[in-house]
Amino acid sequence: MIVDLRSDVLTKPTEGMLDAMMSGTFGDDVFSEDEGTLKLQEKVARMCGKESALFTVSGTMANQLAVASQTVPHDEVILDLKSHIFQFEQGAPAVISGVQMRPLDYENALPKLQEVEGAIRFPDIHHPVSRMLCLEISHNYLGGFIPDFDELKAVCDKARGLGLKIHIDGARIWNAIVAVNRGVEEYASLCDSMMFCFSKGLGAPIGSILVGSKDTITRAHYLRKGLGGGWRQPGMLAAAADYALDNNIERLAEDHGRAKTIADAVEKNPKLRLTRRLDTNMIFFTVKSGDLQGCSEYLENKGILHDWKHFNMFRLVTYLNIDDAMVDYTVKAILDY
Ligand SMILES: Cc1ncc(COP(=O)(O)O)c(C=O)c1O
């Protein structure tokens with residue numbers, strides 16, 4: 001059996017989603033004429049309580065447009081050392097936006113209030129301009145971790161008070177929402193812009209979306225074209241995204257349950273150690289002996305595909321194509337290790 005637990009980006013569209021895609025629209029979105037895409041953007045903006053939204057090819061593009069549309073060259077962006085934007089987006093804010101990144105080592109996905117305050121530059125000819133704070137929910141590197149909502153709000157209030165723009169990389173915000181039972185608009189209300197992905201746990205093949213003010217999204221829309229991100233006929237993808245919003249959110253709880261089952265097996269094996277708190281759909285663990293390579297080969301031989309090199313620890317991710325039989329098989333392999 002092959003159990004591909006490398007990432008929730010590997011979701012395959014269900015039959016219902018494929019049917020929805022087949023009845024997608026075929027207008028040209030560069031001409032702003034694709035009804036399905038326009039409707040999706042309006043729907044998501046409304047859901048999030050924001051003025052506008054922009055459908056993008058990837059989460060990376062949505063994050064980069066969030067930075068580019070709300071900064072100017074010489075600005076400084078405060079973000080987590082372990083964030084996707086800092087770790088896994090090629091340093092693109094320097095290239096695309098001409099900004100400097102100021103990584104702080106957030107604890108539990110949030111900076112301390114004093115750290116935010118301490119990172120602010122006073123106006124001086126030597127300094128970049130402090131412009132933006134980025135947050136990530138759920139936090140990938142921390143194992144799908146969800147920061148405490150009240151603490152999150154305190155950080156956002158502080159940052160706003162200091163005049164910073166706030167962007168939430170909510171690639172997996174729906175996993176957090178399902179786990180803590182809060183509304184998406186509660187998270188969106190804390191920030192100036194937020195993005196989330198349809199192409200991860202929500203099960204669509206491609207697509208992410210950025211929400212924000214009308215001005216921000218107008219600017220992002222302009223910049224997206226120059227990055228080659230102007231869609232011609234994305235209606236089938238918008239239909240998949242729309243289907244995902246209507247059908248695939250609540251079911252994320254099943255992925256979380258399956259992740260818990262696998263995490264319990266890791267905990268039962270004395271040779272292994274969980275390295276992250278399990279909040280959503282990601283299990284992070286290490287091998288007490290330090291033989292990560294050996295454990296990786298063991299899992300690979302069993303057909304259990306995984307990631308470990310990006311994090312120097314194992315990451316297993318559950319998603320809608322991972323069923324109970326696959327989980328049972330994985331549990332057995334983990335207990336037998
Ligand atoms: C937290 C986070 N943000 C952004 C992204 C980027 O999304 P994409 O792969 O669609 O560019 C990812 C992808 O894994 C992610 O985990």
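For the structure itself, look to the data block above.
Please read these numbers as outputs of a predicted model, since none were measured by experiment. (Residues numbered from 1 in each chain as written. Predicted model: local features only at pLDDT ≥ 70, side-chain atom pairs only at ≥ 80, totals over all residues. Heavy atoms only, no water.)

Got a minute to help me understand the nonpolar core in this structure?
The nonpolar side chains of soluble globular proteins are, as a tendency, buried together. In terms of nonpolar packing, the biggest core is built from 51 residues, with Trp174, Tyr187, Met194, Phe196 and Phe198 touching the most fellow members. When residues in this core are grouped by element, the largest group, six residues, is from helix H11 (residues 235-247). Other than its neighbours up to four places away in sequence, Met194 contacts Cys48, His167, Ile168, Ile173, Val184, Tyr187, Ala188, Ile209, Leu210 and Val211. Listed in part, the 27 residues of the second largest apolar core include Leu5, Ala265, Ile304 and Ile334. (Core = buried A, V, L, I, M, F, W, Y, C linked by side-chain atoms within 4.5 Å. Buried < 20%, exposed > 50% of the residue type's maximum accessible area, 1.4 Å probe, protein only. Helix = DSSP H or I, 4+ residues; strand = E, 2+ residues; numbered from the N terminus. Contact = heavy atoms within 4.5 Å.)

I keep staring at the sheet that holds strand E3 (residues 75-80) and nothing clicks. Help me out?
Hydrogen bonds between backbone atoms are what pair the strands of a sheet, whose relative direction is either parallel or antiparallel. The seven strands lie next to each other as E2-E8-E7-E6-E5-E3-E4, forming an open sheet whose pairing is mixed. Looking at which strands have only one partner, the edges of the open sheet turn out to be strand E2 (52-56) and strand E4 (100-104). Pairs of neighbouring strands in the sheet enclose a mean axial angle of 20°, with direction left out of account. Sheet topology note: the E2/strand E8 (residues 208-212) ladder contains five bridges and is antiparallel. In the sheet register, Thr56 faces E8, and the bridge partner there is Ser208. Helix H2 (residues 35-48) contacts E2, strand E7 (193-197) and E8 of the sheet and is inclined by roughly 130° relative to E2. The strands that helix H3 (residues 59-70) touches are E2, E3, strand E5 (129-136), strand E6 (165-169), E7 and E8; relative to E7, the one it contacts most, it runs at about 170°. (Pairing = 2+ DSSP bridges. Axes fitted to C-alpha atoms, helices over the stretch in contact; angles between N-to-C directions.)

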